[in-house]
Amino acid sequence: MQKDWEIMINKRAGPFTGMQISSGVLRPFLFFILYLPTRLGEIQVADRDCMINCFKLVLESINSSDGHQNFCSMATGTIEERKIWLYQSKKLIAVCSFILANFDYSKRGDQDVFLTSLAMRLAVVLTDPKGWRSIANDNLEDTNTTIKKLVQFIGSTRSGLYNCIRKFIYKLEAPFSSLGVSSCQTDDRFLIVASAVTLLLRPFHIADMDVNDDSMFECAVKQYWVLLLTIPWLAQRLPAILVPALKHKSVLSPCFRILLISKEKILEEISEMDRSKITSHSKVMPQVGWALANVVFLATGCDTSALDSGKFTPGLDYASYLHVVIILAEKLLDSLEIFGWIMEEDEDILGDNNTSASFELLHEAEITCGSSKMLYMDLFKPVCQQWHLKKLLSLSKDSFTLETNNLPSGNPDNLWRCELLNIANYYSCMLRIFSTFNPVLKSLPILNMLSFTPGFLFNLWEALEKSLFPEKSHIGKGYLSHGNKIYEVKRDGVSERKQKRFGGDGGNKWVNVFHKFTGKSQAENDWTESVNEHSSDEWDVELLRRGPDGISKDMSCLLHLFCSTYSHLLLVLDDIEFYDKQAPFTLEQQRKIASMVNTLVYNAFSQSISPQNKPLVDSATRCLHLLYERDCRHQFCPPALWLSPGKNSRPPIAVAARTHEVLSTADGTPSSSMGSVITTTPHIFPFEERVKMFREFINMDKATRRMAGEVAGPGSRSIEIVIRRGHVVEDGFQQLNTLRSKMKSSIHVSFVSESGLPEAGLDYGGLSKEFLTDISKAAFSPEYGLFSQTSTSDRLLIPNTAARYLENGIQMIEFLGRIVGKALYEGILLDFCFSHVFVQKLLGRYSFLDELSTLDPELYKNLIYVKHYDGDVTDLSLDFTVTEESLGKRKVIELKPGGKDICVTNENKLQYIHAIADYKLNRQILPFSNAFYGGLSDLISPSWLKLFNASEFNQLLSGGDHDIDVDDLRKNTRYTGGYTVGSRTVKIFWEVFAGFEPRERCMLLKFVTSCSRAPLLGFKHLQPAFTIHKVVCDVPLWATFGGQDVDRLPSASTCYNTLKLPTYKRSSTLRAKLLYAINSNAGFELS
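Residues numbered from 1 in each chain as written. Predicted model: local features only at pLDDT ≥ 70, side-chain atom pairs only at ≥ 80, totals over all residues. Heavy atoms only, no water.

The name given to the protein in an unreviewed UniProt entry is HECT-type E3 ubiquitin transferase, and the organism recorded there is Olea europaea subsp. europaea. For the record of the protein, the UniProt heading Catalytic activity (unreviewed entry) holds the text "S-ubiquitinyl-[E2 ubiquitin-conjugating enzyme]-L-cysteine + [acceptor protein]-L-lysine = [E2 ubiquitin-conjugating enzyme]-L-cysteine + N(6)-ubiquitinyl-[acceptor protein]-L-lysine." Quoted straight from UniProt, the Function (unreviewed entry) entry for the protein says "Probable E3 ubiquitin-protein ligase which mediates ubiquitination and subsequent proteasomal degradation of target proteins." (UniProt positions renumbered as here; feature names shortened; annotations may be inferred.)

A. Representation of the overall build of the protein within the structure. The helix and strand tally for the protein stands at 45 helices and 15 strands. Within the protein, the fraction of its 1087 residues that count as buried is 54%. Split by element, the accessible area of the protein, about 47200 Å² in all, is 52% carbon and sulfur. (Helix = DSSP H or I, 4+ residues; strand = E, 2+ residues; numbered from the N terminus. Buried < 20%, exposed > 50% of the residue type's maximum accessible area, 1.4 Å probe, protein only. Areas by Shrake-Rupley, 256 points an atom, 1.4 Å probe, with all protein chains shown as cover.)

B. Here's a closer look at the pattern of salt bridges. Applying the stated criterion across every chain yields a total of 32 salt bridges. One salt bridge connects glutamate 330 with lysine 553, and the closest N-O pair in it is separated by 3.0 Å. Within this pair, whereas glutamate 330 is found in helix α15 (residues 318-338), its partner lysine 553 is found in helix α24 (residues 553-570), the two being separated by 223 residues in sequence. Residue classification places lysine 553 among the partly exposed positions, given a relative accessible area of 47%. Put simply, aspartate 774 and arginine 725 hold a salt bridge, and the shortest N to O gap is 3.5 Å. Of this pair, aspartate 774 sits in helix α33 (residues 766-779) while arginine 725 is found in the loop between β6 (719-724) and α32 (728-736), placing the two residues 49 residues apart along the sequence. Via salt bridges that share partners, Asp575, Arg630, Arg633 and Asp850 belong to a single interconnected network. (Salt bridge = Lys/Arg side-chain N within 4 Å of Asp/Glu carboxyl O.)

C. Up close: helix α31 (residues 687-707). Taking 1.5 Å as the rise per residue, α31 with 21 residues should run 30 Å; its terminal C-alpha atoms sit 30 Å apart, in good agreement. When we look at burial in α31, the residues that qualify are Phe687, Arg690, Val691, Met693, Phe694, Glu696, Phe697, Ile698, Met700, Asp701 and Arg705. Glycine 709 occupies a position one or two residues after α31 and carries a positive phi of about 85°. (Expected span 1.5 Å × (residues − 1).)

D. Just empty space enclosed by the protein, in detail. A complete count under the given rule lists three cavities of 30 Å³ or more for this structure. Surrounding the largest cavity, Lys769, Gly827, Ile828, Leu829, Leu1005, Thr1009, Cys1011, Arg1013, Pro1015, Leu1022, Gln1023 and Asn1057 form its lining. For the lining of the largest cavity, the residue count by class is six nonpolar, four polar and two charged. (1 Å grid on protein atoms, 1.4 Å probe; cavity = no way out; pocket = protein on both sides within 12 Å on 5 of 7 lines; lining within 4 Å. Points joined across faces, edges and corners; volume = space filled by probe spheres on them. Nonpolar A, V, L, I, M, F, W, Y, C, P; charged D, E, K, R; others polar.)

E. Local environment of the sheet that holds strand β12 (residues 973-976). Taken in spatial order, the four strands of this open sheet run β12-β13-β15-β14, and their pairing is mixed. Edge positions in the sheet fall to β12 and β14 (1051-1053), since each of these pairs with one other strand and no more. Averaged over neighbouring strand pairs, the angle between their axes works out to 25° when direction is ignored. Judged from the three bridges that link them, β14 and strand β15 (residues 1058-1062) form a sheet pairing that is antiparallel. Within β15, the residue paired with alanine 1052 across the bridge is leucine 1059. (Pairing = 2+ DSSP bridges. Axes fitted to C-alpha atoms, helices over the stretch in contact; angles between N-to-C directions.)

F. Main features of the packing of aromatic side chains. Tallied over the full model, the rule gives 54 aromatic pairs. Both rings, one in tryptophan 461 and one in phenylalanine 562, keep their centres 5.6 Å apart while their planes meet at 35°; by these two values the pair is tilted. Of this pair, tryptophan 461 sits in helix α21 (residues 456-468) while phenylalanine 562 sits in helix α24, and the two are 101 residues apart along the sequence. Across this residue pair, the class does not change: tryptophan 461 and phenylalanine 562 are buried. With 5.5 Å between their ring centres and 70° between their planes, phenylalanine 780 and phenylalanine 834 make a pair best called edge-to-face. Here phenylalanine 780, found in the loop between α33 and β8 (787-789), pairs with phenylalanine 834, found in the loop between α34 (809-826) and α35 (836-842); they are 54 residues apart in sequence, far enough to count as distant. (Phe/Tyr/Trp six-rings, centres within 6.5 Å; stacked < 30°, edge-to-face > 60°.)

G. How the structure looks around the pairing of strand β11 (residues 889-894). Of the pairings in the sheet, the one linking strand β10 (residues 881-886) to β11 comprises six bridges and is antiparallel in character. Along β11, the bridge assignment pairs serine 886 with lysine 889. Between β10 and β11, which pair antiparallel and follow one another directly, the connecting turn spans two residues, one of which, leucine 887, has a positive phi of 55°.

H. The nonpolar core, seen in detail. Core analysis: the biggest nonpolar cluster contains 285 residues, and Phe55, Trp225, Tyr566 and Phe834 have the highest contact counts within it. In contact with tyrosine 566, not counting residues within four places along its chain, are Leu457, Leu573, Phe578, Pro584, Phe585, Gln590, Ile593, Cys623 and Leu627. Residues Phe996, Val1008, Leu1070 and Ile1078 belong to the second largest nonpolar core, which totals 34 residues. (Core = buried A, V, L, I, M, F, W, Y, C linked by side-chain atoms within 4.5 Å. Contact = heavy atoms within 4.5 Å.)

I. Spotlight on a nonpolar patch on the surface. A grouping of Val440, Leu441 and Leu444 is seen on the molecular surface, where their side chains present a nonpolar patch of about 280 Å² in accessible area. Along the chain, leucine 441 falls in the loop between α19 (420-437) and α20 (444-451). Given a relative accessible area of 45%, leucine 441 falls into the partly exposed group. (Patch = residues over 30% accessible without salt bridge, like charges linked within 9 Å, V, L, I, M, F, W, Y side chains within 5 Å.)

J. Quick peek at unusual backbone geometry. The omega torsion across alanine 583 and proline 584 is 5°, close enough to zero to call that bond cis. Looking at the secondary structure, you find proline 584 in the loop between α25 (575-580) and α26 (587-606). Between glutamine 1023 and the following residue, proline 1024, the backbone shows a cis peptide bond with an omega angle of -10°. Among the secondary structure elements, proline 1024 is positioned in the loop between α43 (998-1009) and β13 (1026-1031). Positive phi outside glycine occurs at tryptophan 233, with the angle close to 55°. Tryptophan 233 sits in the buried class, given a relative accessible area of 1%. Even without being a glycine, asparagine 808 presents a positive backbone phi close to 60°. Tracing the sequence through the fold places asparagine 808 in the loop between β9 (797-799) and α34. Residue classification places asparagine 808 among the partly exposed positions, given a relative accessible area of 34%.

K. Layout of the packing of α26 against helix α27 (residues 614-633). Here α26 crosses α27 at 130°, and the two axes come no closer than 9 Å. The angle between the axes of α26 and α27 places the two elements in the oblique class. For the pair α26 and α27, the crossing hand works out as left-handed. Within the contact between the two elements, α26 uses Gln590, Ile593, Ala594, Val597, Asn598, Leu600, Val601, Ala604 and Phe605 and α27 uses Leu616, Val617, Ala620, Thr621, Cys623, Leu624 and Leu627. When the residues that make up the contact of α26 with α27 are grouped by side-chain class, the tally is 13 nonpolar, three polar and no charged. (Parallel < 35°, antiparallel > 145°, perpendicular 65-115°, else oblique. Left-handed = near helix turned anticlockwise from the far one by under 90°.)

L. Broad picture of the environment of asparagine 972. Note that asparagine 972 resides in the loop between α41 (966-971) and β12. As for asparagine 972 and alanine 1025, which are separated by 53 residues in sequence, their C-alpha atoms are 7.1 Å apart. Dropping the residues within four chain positions of it, asparagine 972 is found in contact with Phe1019, Lys1020, Ala1025 and Phe1026. Among the polar contacts made by the side chain of asparagine 972, one reaches the main-chain carbonyl oxygen of aspartate 968 at a distance of 2.8 Å. (Polar contact = N/O pair within 3.5 Å; in protein donor to acceptor, adjacent residues only side chain to side chain.)

M. Focus on the side chain of asparagine 613. Within the secondary structure layout, asparagine 613 lies in the loop between α26 and α27. Here aspartate 549 takes part through its side chain, which lies 2.8 Å from a polar atom of the side chain of asparagine 613.

N. Here's a closer look at the confidence of the model for the protein. When the pLDDT values of the protein are averaged, the result is 81; 79% of them are 70 or greater. Contacts for the low-pLDDT stretch residues 179-184, under 50 throughout, to residues beyond four places or in other chains number two contacts. (pLDDT = per-residue confidence, 0-100.)

Structural data, given as structure tokens:
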């Protein structure tokens, strides 16, 4: 038949009529051409020649103005002729689709290009009656009716057109290029692509579709979703001139509408495509991921090379766009979670724990554009730009609802609105997607945009505040009422005002405020409690008491976006903006935010955290820690706020400590809810309880060591050292430095006097205490060179950067870490405190800009000046360097590669400010803090220390910073040498001691114990116990009658915490002698 057909075509004498083409040409052609390719699976040379001849004949016929010769005139003929024409046209389009699917743009020769271009021209002409020259105006209605049926076939699954176009586009290079193609082929190749795009869009452009045709149109749109929009780099594979056709609202709007109506079916079909080729071991981008990226790219009009990037597709339904992106994003995240590929904000891909898997997943999500590469996330660039968010916000009109999770019934075009909730859901999904597919920057680009879009963060909080905090009454100006407590806020001029936005408060008010912040901030914050002493539950937000599982999906989305955005903003928000300008929130709002995240995080970790709630809990935890650290440094919340969530559910200290310790030793990270609560939110336990927990940890460790035989009894396995009085540091370093964790054992000290003679006395614990206090006093002295004092008024200790140049400097600092660890382990108080910045490093925490005020107030003031500088920062002639002076030499250090050549401008001044702060607060002291931490952790587990903040660590080290509790000290004092509680001199002593000023009482305590602060849990925990020893001094009888009293000064044995008190008869004498002794530090002797 095929040979006869070829002979007939070659011998034709003239043009065929339309009926002859139908019966004599197409009928036999379609029979053998549809049979052979189906059997053989490819196009043979003979088949190709037949196709070319046939397509030429049909195209010539359609181009004829003679209706008798035009094949398409049958479309307006009799009913039988219309049926024949429609049937043969469908078969021709099927053949053309088959040719397109088998065509490889980059490999085929000229004949293949010619055949495919003919086929595409024929398919386009058959579906476009405007190209039929023989159609009269009075036949247009019949023509349109027939064409609609043909286009319906194109959109149906029976045609296979969309599947063939998918195969064709998949073979196109991304980005589209004609390089390497001869000029004679370029036009034909472009025609093929353009024709394919035209065909796939035919169902979208057919006019006056009847209501009964909706199902056929829906089928076409579904195929467009499943087979076309899931193609990787769809728009980039096509010539740029064709992409606007895909972006047009006539295409996107019906796509969005159909997906919102039939999302389950469409998403299931997309997922079915994944199941055939994706496994847990093959990191391939899910199809829905490409659908999402293509939709965002097409809807936003973004083109990396376009000058007009930065606008939505004109006429786009923004509400539908939001819903569609949310649906696709959630499906993508679910798919990744199923295969275990999700990468959280602070970790690598779950279960793989290295970023190589993410790069494998993104391997196909990368194309080369000229000399640069285009990544998958580049398709989402508009999401990170403010114009995108501002446009959506301008359409939301402050409409907000938390009631519905489902799409409304009825007409979607009228009911899907662009609400704040939808915008929040949109960006909440985007945060997770950026965290997963942007391994280096993660969600930083989108967080930068969200944080600094005016009004957005405030709008989010306003929505949350209305839902979580019912209106509360305010008792007078400056008071904040919560339940049964009224707090009066005293701020020394830092007032509770209405919110001020970023930008302008006028003048340089920050200079005055700076002095307030760099003083003793805790003293400036006085929370006065009145009315009654019953603690309030109001800080425990009721709606969050069941954690993330107890709130709606909408509320979870708002919380996730708010916490992520605000925690990012808190990193750059300085104290002046936070406390004085109160931007973006007032201090009252800040307290509400703190109580919100505190309640949420505590209850989340008190229960199990489901995988879908993990992003919310992670972001809320970051926000909580940043607010708590700021409050620790400069209080703005009442203490009850932090304690409130666990007030009624905290476990006993021993239970909490044992649970935490058992789980910590299992794998290093507590996994149970209680272990996580103690690790993540230790502040819900009062400070005193955490100190008890810390001592419980140590007691448990000592018990474990005893069970292991490391401590068998008094004196067993103790460490014997000999210390020369004039070389305490050197001898201690030489004899103890290599012991590491063995320093937990008892240390027995023998002192050698400066004259070289052994000192008398046996060490029953007192001499080792004296050794620890003496070596600490000497080694931490600024004169020794290992540590220096901050320039603030409290003169706190921080490692001296010049210590690296000292002999064994870093090793000495590591050794001092063990000394401090030994003191903590044995409960011995040391009379000094470390800088807040240094302690932050020991606790494994990063320091930010405002902490610089505690280290170098002058530098902090200068940086804040730069931050708020109104003029051109280039006038200040700054660059990205810092000058460090050491041993009389200056060294210029670049804050970033090439920093000396980078000028500080208004655009990069924030980078400069935080780069300097990072260098001073983190990088500069990192080697020293790491060394000290290494020594400290030999004796004290890092998880124990994380129970405390920086100021609490200093209290743990050196005791409470309050006045001495006279009654507590009296109850826990021992009397030796003949004294009893009823002795006259003892009674006089307590009368005099109670009458001392607080400073004098602290000096007396230091005189006796070597530390001026009381033990945190009271004097019953002072080891050895505070002791008053009787020193008998005989006074002649005549001297007593003459008014003369004992002349001897009191003395002390600090190693035994013993005050050696002569038998004074009068209080005036005792007071005078005590004050003289403690002010001159006279009378020390060793018993």
